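So the chains spell out like this:
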Amino acid sequence: MTSLLPTPTERLARAYADLRMGLPVVLQDDAGAVLAISAETLSAERLADFRGISGEPTLVLTARRAETLKARCYDGDVARIVIPSQADLGWIRALADPADDLLHPMKGPLASCREGQVDLHRLAITLAKNSQLLPAVVTCPLQDAAQFAADHNLTFLNRDLVSPILSQTSPMAAVIHARLPMQVAQAGRLHIFRPEDGREEHYAIEIGQPDRHSPVLARLHSACFTGDVLGSLKCDCGPQLHAALEQMGAQGSGILLYLNQEGRGIGLANKMRAYSLQDQGFDTVEANHRLGFEDDERDFRIGAAILKELGFSSVQLLTNNPRKVEMMRAHGIEVVDRVPLKVGKTPQNAGYLATKAAKSGHLL
């Protein structure tokens, strides 16, 4: 019956769902254990329960968010902020979410922890990011972690078992593919790929019958609900998507990978938070940093893995982003040519495109 026990990968999938629902998870390694819960989905009742556990609860933030708050970051990439005994849920949310930073810029004084191991706190931040939540978690130390998890029916993760999984791209399983006639090409085919870790599925749109032995015209397109579906004027994503498909249709063959990495990998909700910050005067990179994210949280290794699964080893890459070229080459896909895709500039996205060129190195 051991096959019925969840694997470390399956436990990770449970942890993502739990954090999104406002449940804590138990994390353990050789140095100790912590109980961790998302600051975004934390309730007042569960905060009170955290305080009932022996040990001081802390709010873990990324160094990016800590910099905005002028909080000391002794741990490099994360900061552990002591939660005062009188602090309520609103105090925690205000530190986690920058929505009211300009209205209430003085959040402190904030006391940062500087002793002890932080590997489990880093793991908790990674789990929050992978759950497409704000990268902010509340933690408290635990003694008998396995027993605590069993008593409270909580997901238990051993860092040594899950860290190798988190450092790699989840293997992709081809689910199904079927013929899909499109406006740009009657000979179209849609492939669905499902990662083993239970996260978002990704798609490959095949135009015509590309030769697997020759460089294929290809694009790695990150999902953009606002641009691709709603025709947003704040970005150039929709025009790039349609121009890429039209170019493949005109050539008679091509492969477009539609990767579910909305908002440069932070998810649609956080992308809308970034848009709200942009309305306050911050550019797209500054908004990401204030939220606690890096400039770009996408994993382009996914695209390389899908191309290999489909039998492609070399591409003519439709992109303005040199980083995509570098990542493809670094992961076994030969890029014989970078094909520019300069479309979709509007008065509303001129600043956004200028930021992409100046801060993200896009060739525009």
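Residues numbered from 1 in each chain as written. Predicted model: local features only at pLDDT ≥ 70, side-chain atom pairs only at ≥ 80, totals over all residues. Heavy atoms only, no water.

- The name given to the protein chain in an unreviewed UniProt entry is GTP cyclohydrolase-2, and the organism recorded there is Actibacterium pelagium.
- Of the comments in the UniProt record for the protein chain, the one headed Sequence similarities (unreviewed entry) reads "Belongs to the GTP cyclohydrolase II family."
- Among the UniProt annotations of the protein chain, the heading Function (unreviewed entry) holds the following wording: "Catalyzes the conversion of GTP to 2,5-diamino-6-ribosylamino-4(3H)-pyrimidinone 5'-phosphate (DARP), formate and pyrophosphate." (UniProt positions renumbered as here; feature names shortened; annotations may be inferred.)

### Focus: the packing of aromatic side chains
1) Next: According to the stated counting rule, one finds one aromatic pair in the structure shown.
2) Next: Here Y203 and Y258 contribute two aromatic rings whose centre-to-centre distance is 6.3 Å and whose plane-to-plane angle is 10°, an arrangement assigned as stacked. Within this pair, whereas Y203 is found in strand β9 (residues 202-207), its partner Y258 is found in strand β11 (residues 254-259), the two being separated by 55 residues in sequence.
3) Next: In this arrangement the basic side chain of K234 is found over the ring face of Y275, its NZ or CZ atom lying 4.7 Å from the centre. (Phe/Tyr/Trp six-rings, centres within 6.5 Å; stacked < 30°, edge-to-face > 60°. Helix = DSSP H or I, 4+ residues; strand = E, 2+ residues; numbered from the N terminus. Lys NZ or Arg CZ within 6 Å of the ring centre and 35° of its normal.)

### Section: the pattern of salt bridges
1) Next: Evaluation of the coordinates by the stated rule reveals 21 salt bridges.
2) Next: Where D77 meets R122, a salt bridge forms, and the shortest distance between an N and an O atom there is 2.7 Å. Linking D77 in the loop between α3 (63-69) and β4 (78-82) with R122 in helix α5 (residues 119-130), this pair joins segments that are 45 residues apart in sequence.
3) Next: For D77, a relative accessible area of 41% gives the class partly exposed.
4) Next: Overall, the relative accessible area of 28% leaves R122 in the partly exposed class.
5) Next: The network of salt bridges with shared partners includes D29, D77, D119, R122, R159 and D160. (Salt bridge = Lys/Arg side-chain N within 4 Å of Asp/Glu carboxyl O. Buried < 20%, exposed > 50% of the residue type's maximum accessible area, 1.4 Å probe, protein only.)

### Let's talk about the environment of E246
1) Next: Inspection of the secondary structure puts E246 in helix α9 (residues 237-251).
2) Next: Each C-alpha atom of the pair E246 and A185 lies 8.3 Å from the other, and the pair is 61 residues apart in sequence.

### Re the UniProt feature "active site" (unreviewed entry) in the protein chain
1) Next: Within this structure's numbering, the places UniProt gives as "active site" (unreviewed entry) are D296 and R298. Those annotated residues from the list above that line the largest cavity are R298.
2) Next: As for its placement among the helices and strands, D296 is situated in the loop between α12 (284-291) and α13 (301-309).
3) Next: Excluding its chain neighbours within four sequence positions, the residues that come into contact with D296 are R264 and R323.
4) Next: If near-sequence neighbours (up to four positions away) are discounted, R298 is found in contact with S222, Q261, R264, G265, N321, R323 and K324.
5) Next: There is a polar contact of 3.0 Å between the side chain of R298 and the side chain of S222. (1 Å grid on protein atoms, 1.4 Å probe; cavity = no way out; pocket = protein on both sides within 12 Å on 5 of 7 lines; lining within 4 Å. Contact = heavy atoms within 4.5 Å. Polar contact = N/O pair within 3.5 Å; in protein donor to acceptor, adjacent residues only side chain to side chain.)

### Examining the sheet that holds strand β13 (residues 334-339)
Hydrogen bonds between backbone atoms are what pair the strands of a sheet, whose relative direction is either parallel or antiparallel.
1) Next: In space, the seven strands of this open sheet follow the order β7-β8-β9-β11-β10-β12-β13, with mixed pairing throughout. Looking at strand neighbours, the two that pair on one side only are β7 (172-179) and β13, the edges of this open sheet. If you compare each strand with its neighbour and ignore which way they point, the axes differ by 25° on average.
2) Next: As defined by bridge partners, β9 adjoins β11 across five bridges and the pair is classed as antiparallel. The residue bridging Y203 from the neighbouring strand is Y258, located in β11.
3) Next: Across the sheet, α9 touches β9, β10 (216-222), β11, β12 (314-318) and β13, and the angle it forms with β10 is around 160°.
4) Next: The strands that helix α14 (residues 322-330) touches are β10, β12 and β13; relative to β13, the one it contacts most, it runs at about 165°. (Pairing = 2+ DSSP bridges. Axes fitted to C-alpha atoms, helices over the stretch in contact; angles between N-to-C directions.)

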